[in-house]
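Here's the letter readout for the chains.
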Amino acid sequence: YAPSWGESALVLCVDVGFSMSNSGPGQEPPFEQAKKVIQKFVKRQVFAENKDELGLVLFGSDATKNNLAKDGQYQNIYVHRNLMIPDFGLLEEIQNDIHPGGQQGDWLDALVVCMDLLQNETLGKKYDRLNIAVLTDLDSPVSPDQLDIITGNLKRAGITLQFFLPFPMDTDEAGGGDVGGSGPPHGGKGLSREQQQGLDLVKQVMMSLDEEDGLDEVQTFSDAIEKLSVFKHVEKRPMAWPCTLTIGSCLTIKIVGYKAVCEERPRKSWSVVDAQTHQKEDVKRDVVYCVDDDEETEVPKDDTIQGFRYGSDIVPFSKVDQEQMKYKTDGKSFAVLGFAKQSLVVHHFMGNQILKVFAPKDDEHAGVALSALIRALDELKMVAVVRYVYARNGNPQVGAAFPCIKEKYECLMYVQLPFMEDLRQYTFPSLENNKKYTPSENQLSVVDSLIDSMMLVEENEDGEKKDLFKVNHIPNPQYQRLFQCLHHRALNPSAPLPPVEPWLITALQRPQAVAARSRAPLENMKKLFPLKEVVKKKELKTSKELFGKGDVYRTAVWKQVGLQNSCLEKGRSTEQLFRKGKVYRTVVWKQGGLQNNCLETGRSTEQLFGNREVYRTAVWKQGGLQNSCLETGRSTEQLFRKGKVYRTAVWKQGGLQNSCLETGRSTEQLFRKGKVYRTPVWKQGGLQNSCLETGRSTEQLFGNREVYRTAVWKQGGLQNSGLVTGRTGFQILNIIVTSLSHIINAILRD
Amino acid sequence: MRKKIWMERKGRSLECVRSVYTSKIISSDKDLVALVFYGTEQSKNPRNSFKHVYVYHDLDTPGAGRVQDVDGLRGEDGAKVAAKTMGSGKTNLGEALWCCSNLYSDIKLRLSHKRLMIFTCRDSPHEGDSERDRQARTKAGDLKETGVVIDLMHLMKPGGFDVSIFFCDVVSPPEDDAELGLQMEPCVKLEDLKKRVRAKEMKKRSIARLNLCLGEGMNVAVGVYITALQARKPNPIKLFKDNNEPVRTKTRLYHTQTGSLLLPSDTKRAQVYASKQIVMEKDEVDVIKKFSDPGLELIGFKPMERLKLHHHLRSPVFIYPEEEMVTGSACMFTALLKRCSERNVFALCKYTRIRNSPPRFLALVPQREELDEGQAQIAAPGFHGIFLPYADDIRTLDTPQLPTASDSQVDKMKEIVQKLRFKYRCDAFENPVLQKHFRNLEALALDLMAPEEIEDHTMPKIEMMDERLGSLAQEFKDLVYPADYNPEGKTANKRKPEKKPKVDISEDELRGHVQKNTLHKLTVPILKDACKQFGVKVTGTKKQELIDALTAQLAN
């Protein structure tokens, strides 16, 4: 399928005659295969939302419906659908309404009906392509006397033809031949006389339409199914970016740039709809701004301005001022700054696209000039370093234009290079110069054998290289899966989503041959390289338990014992949910911090007001004592609705005397409905004298309606190498059944 | 967080202090900085226990106020102010160092780095008083013991600054033995300080810690790092206009009909295809992106020449072993790195960063460690993970068929290329957009009349290029362009489309289009006319809105 960006009209001409239902034992009848082909094809057209029009004509059907049917001619040909943009209705009809017929249809007659349909329906409109695809087993008698007229008409109308057959074209004519892997049709009987005659006619027609490549348009059902399994994005017409390449002030070359590589994203995004009505209009997003006071007073958007942090200050900087003072560029640019060695440039590529730069199509002088530059760079192994600006007031880039010389064309390939600010000059500990990590000769040779066994590029006996795993031939699995699920959901609204298609899973895996070859070297590697998973000193695992279906209540249990100098701290976190009214009151907690009369208290409050969640976040503070230590901790939480992702709390804690610092972070995400639950792992820096504390924060998921509560907790750290924490936790199931419940109740009554 | 203290001998060094402040504010605004003068008449320190030591700024995060304070001490007027507030008196470096050590210990946070820089132009501060010299050495020793790095930023002095008289015992020894920090030219160090770096410093932190799975049961733990990422302007903060206090943003969903707030569970997700709405739970939308658990899965190896230049989708990641997660990882990683590099192959891996992220394929390109003469690392050991495009990501282009250049034309261009060659360094180009923004912000914060000018390295140095090329440009043009050709002219074929005559459409035709779902084939003006003709009220002007309105009207 050559890329064509205009609209086209296509008629699917499907044989439903009785022979299509014949098949050998264990074989899928040609009718079912043909149905799959058209299903896949229509599905692809529907999701691509291209504007190609599609008609569907059945032949061999019991019923007859077409414009030419009279006087017993053109019988058993049924125009199921005139030219229309395919929709889910058509998909459903194919799935439910198309059944094998009991007649035989003349496929040449059907072809004439299709031509008539195409010509009538496209009258006065412009199409880039008119096409008829015939799906048949050719196993019916035809009257070939009109053949020349038919091909003549096809040519005149510019209609192209495609044939899809249950057997390959080179199937042995004598019958009984078992040529090729696909096997003979009809239970090994070989082709019938009609089929042989039909095949000859097909060849004749196709050759007369296109002498050279005509036969390429005759394919088997299985080939077609395989090809059509891949959802294809509609090819976008590449956007030309005309510009001039400049070298200094007087040398200019006219150029046109095109995006050649760029992450393709689906054109449609998900919209939020009401769960009951499925109406997008029923849901409105509302953004409010509020001052950070106790009342959280809302202020109108117009009363806000932008500011930026400048050290400890925030500097107001209005959008208007920003616009006025910002760096401006005065138009598109592709200006050479200089030329540099290719080897100096290849380390970091930035940006998310590759641009191919050509001379304009009709400008041979520019072509020659650009060709001189491309070839000069290629021979010198150099690149042009250029300033690239897409359009007026676009951000400037510095990038490299590499020479690219292919058999059919030459061009410059532009890629963005980093700015100083983009680079993070990290250093990493040496590996090869570290005796601990130096591999032995034995180890190196087993790695070699692994590499040998897992080479994906092989040379066959003709010296031709074959790549077993070409990523650029794999369709993006994300979209294959998305469309598979969309299709499934569209036709089966209440069924759960299907599993990933097997072909896709296979396509993403190590090729079988490679997997088999690598087995032995991998076993050797296992022996020579001892790998041991480190048992985490701090248990970062979170326990989660989900009880029951409805009001699930999960409680945090946490415990921590960090000792040294017999210090002990206890902390408790309690939470309660009063359901029904969905009022939500949380968290009271207290922490005794002992040793040397230290006491720390912290409080985190969250409230849910009204019917549904006004969400108030906890701010809390903690007094830390002894020697004028103060600790503050804050927990911020934000609820990003849309994705319902829940992001919580980064919090930090002031540390103690003598440059102790503790930091803790808790991240949490709630993946809803599926009650998938991700819990925070957090860590806390340790204190002086290599003390380390770890803690866990827990969250709970309440029932269907998911009120969400987060635990915030805190830990005190103490003076002079004393540090300790201990914590006990408890669980509450459903109703308050905890050892502390009376305390909470008392507080709640307030 | 790094904390620094500057001890300041008044004078020319104020300029450096200012530039350190302004750089810090942008590069790492969480760092604490203090400014302490010694040898002053007046004393000001926490417990006022030290004489002739003036803590001008306590250890804290710097802001605009501090920069303005320093500005207030500069110049002739500034000197007067300084003389008035602090004066100048007896020098006792030991006391000053002791005071600084108290500043450090008064901070309740754990500091990851502590650095003390002494600016002075006197190589013998106590003029031979051995008692004060000894005291200063002892205090310096104490500070160094608690992890403070002491740096000397000596200014030029007539006759040369002799470090060996006194300061060699005070400052911290250079980090590696090869390079003696003291021998460094003072001006170089100062120039370095004055050179302001307006780029945010990023902490080294992995974005994921994963298993690199070579085969069943063979998991090497690795960390994934970002070593280059497009830096953007820091996010703005919304402020309330009346008091310039930050405001918080709250986003809520509510039901348009009932006005009640909606919980996330009260909504679903939908997409429309061929006018059919397909609905899924939010959770399903997330979970269909999942193919495998987070990790890197080795598919196989390929020779390096199979990695093409155009295999680029986003900036690469960097992979380094995590010995702490799986012991033995570093050794196996090293072996793999070594052999891949020596055999000039890359490893092809399937990469799933987090749960519910769809897989991408990475080419793991080996990079072995490289050090410069000073043993500093210029290339870190590890694999670059280059993102490979899928079939969908590669676009089909119509490539123009054009003549190619002759040898003489290519040779002429080679001369041009050679004339304009330079040594590319990846950190040579600053982003003018960011630099301009930071300077604007600085100007606003410090009440400057105008922001400092930026040097825009992304602009070609036209004059220099023209000069270097000389007649070459013209010679090349003579070789490739005919006399009447204008290479700068606007690209031709940009004719404005002729206005199409107005087409009226009959009701039948229109109904036909509605039936076949082909209304979109008509142009917007025609659709608009049709709306008028049939008295259809339209709310918007978008094509889809027009089509929807017409369909609704004519379908009945």
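Residues numbered from 1 in each chain as written. Chains lettered and ligands numbered in written order. Predicted model: local features only at pLDDT ≥ 70, side-chain atom pairs only at ≥ 80, totals over all residues. Heavy atoms only, no water.

Which parts of the structure should I look at to understand the sheet that holds strand S11 (residues 298-299) of chain A?
Whether parallel or antiparallel, the strands of a sheet pair through hydrogen bonds between backbone atoms. Across the sheet, which stays open at both edges, the six strands sit in the order S11(A)-S10(A)-S9(B)-S8(B)-S12(A)-S13(A) with antiparallel pairing between neighbours. Two strands in the sheet have a free side with no partner beyond their single neighbour: S11 and strand S13 (313-316) of chain A. With two bridges connecting them, strand S8 (residues 237-240) of chain B and strand S9 (residues 245-255) of chain B associate as antiparallel partners. Its bridge partner lying in S9 of chain B, Leu-239 of chain B is registered against Pro-246 of chain B. (Pairing = 2+ DSSP bridges. Helix = DSSP H or I, 4+ residues; strand = E, 2+ residues; numbered from the N terminus.)

Just checking my understanding: could you explain the confidence of the model for chain B for this structure?
Detailed reading of the predicted coordinates is not advisable wherever pLDDT falls low. All names here are of chain B. Counting all residues, the mean pLDDT for chain B is 82, and 89% of those residues have values of 70 or more. Contacts of residues 176-184 to residues separated by more than four positions or lying in other chains number nine contacts, the stretch itself having pLDDT below 50. Below a pLDDT of 50 lies the segment residues 491-497, which in the model reaches four contacts outside its immediate sequence neighbourhood of four places, other chains included. With a pTM of 0.72, the predicted complex shows an ipTM of 0.80. (pLDDT = per-residue confidence, 0-100. Contact = heavy atoms within 4.5 Å.)

Where do I start with the nonpolar core in this structure?
Nonpolar side chains in soluble globular proteins generally cluster together in the buried interior. Residues Met-525 of chain A together with Leu-214, Leu-296, Phe-301, Ile-319, Leu-348 and Phe-361 of chain B are the most contacted members of the largest nonpolar core, which totals 88 residues. Among the elements that make up this core, the one with the highest residue count is helix H8 (residues 329-343) of chain B (eight residues). Counting contributing residues, this core receives three or more from each of domain 2 (238-266 + 285-424) and domain 3 (443-528) of chain A. For Ile-319 of chain B, the contacting residues outside a window of four places in its chain are Val-222, Gly-223, Val-224, Leu-296, Phe-333, Leu-364, Gly-382 and Phe-383 of chain B. Leu-370, Leu-380 and Val-386 of chain A together with Leu-472 of chain B belong to the second largest nonpolar core, which has 44 residues in total. (Core = buried A, V, L, I, M, F, W, Y, C linked by side-chain atoms within 4.5 Å. Buried < 20%, exposed > 50% of the residue type's maximum accessible area, 1.4 Å probe, protein only. Domains from an automatic or database assignment.)

Any chance you could explain the interface of chain B and chain A here in plain terms?
Accessible area lost on assembly of the parts is the figure often given for the size of an interface. Between chain B and chain A, the contact holds 220 residues from the first and 232 residues from the second. At the surface where chain B touches chain A, the tally comes to 16 salt bridges. Of the charged contacts, one joins Arg-387 of chain A and Asp-456 of chain B as a salt bridge, the two residues approaching to 3.8 Å between their closest N and O atoms. Seen at the junction of chain B and chain A, the total is 61 residue pairs in polar contact (both at pLDDT 80 or more). Ranked by residues supplied to the side of chain B that touches chain A, first place goes to H8 of chain B with 13 residues. Within the side of chain B that touches chain A, the residues separate by chemical class into 108 nonpolar, 54 polar and 58 charged. Alignment of strand S9 (residues 271-274) of chain A against strand S10 (residues 267-273) of chain B, held across four bridges, turns out to be antiparallel. Note that in S10 of chain B the partner of Val-272 of chain A across the bridge is Arg-269 of chain B. (Salt bridge = Lys/Arg side-chain N within 4 Å of Asp/Glu carboxyl O. Polar contact = N/O pair within 3.5 Å; in protein donor to acceptor, adjacent residues only side chain to side chain. Nonpolar A, V, L, I, M, F, W, Y, C, P; charged D, E, K, R; others polar.)

In this structure, what is going on with the side chain of Arg-66 of chain B? I would like to understand it.
With respect to the helices and strands, Arg-66 of chain B occurs in helix H2 (residues 64-73). Ignoring any residue separated from it by four or fewer positions in sequence, one finds Arg-66 of chain B in contact with Tyr-21, Val-33, Ala-34, His-57, Asp-58, Leu-59 and Asp-60 of chain B.

Could you clarify how one ought to interpret the sheet that holds strand S6 (residues 208-215) of chain B in this entry?
Residue and element names in this part refer to chain B. The sheet built from seven strands closes into a barrel, its strands ordered S6-S7-S13-S19-S16-S15-S12 with mixed pairing. Neighbour to neighbour, the strand axes of the sheet diverge by 40° on average, direction disregarded. Where strand S13 (residues 317-321) and strand S19 (residues 382-387) come together, three bridges link them in antiparallel fashion. Each residue of the ladder has a partner; that of Phe-318, found in S19, is His-384. Each of S6, strand S7 (218-225), strand S12 (295-303), S13, strand S15 (345-352), strand S16 (360-367) and S19 touches H8; the most contacted strand, S19, lies at about 70° to it. (Axes fitted to C-alpha atoms, helices over the stretch in contact; angles between N-to-C directions.)

Even after reading the chapter, I still don't get the confidence of the model for chain A, so can you show me in this structure?
Predicted confidence across chain A gives a mean pLDDT of 69, with 67% of residues reaching 70 or more. A low-confidence stretch, residues 537-740 of chain A (pLDDT under 50), is modelled with 544 contacts involving residues beyond four sequence positions or located in other chains.

Looking at this structure, I do not really get the pairing of strand S10 (residues 283-291) of chain A. What am I missing?
Successive side chains on a regular strand alternate, one facing one side of the sheet and the next facing the other. Pairing analysis gives nine bridges linking S10 of chain A to S9 of chain B, with the strands arranged antiparallel. When the sheet's bridge partners are listed, Cys-290 of chain A is paired in S9 of chain B with Arg-248 of chain B. Of the strand pairs in this sheet, S10 of chain A and S11 of chain A are connected by two bridges, and their pairing is antiparallel. Bridge pairing in S11 of chain A places Cys-290 of chain A opposite Glu-298 of chain A. Connecting S10 of chain A to the antiparallel partner S11 of chain A that follows it, the hairpin turn spans six residues, and Glu-296 of chain A within it adopts a positive phi of roughly 50°.

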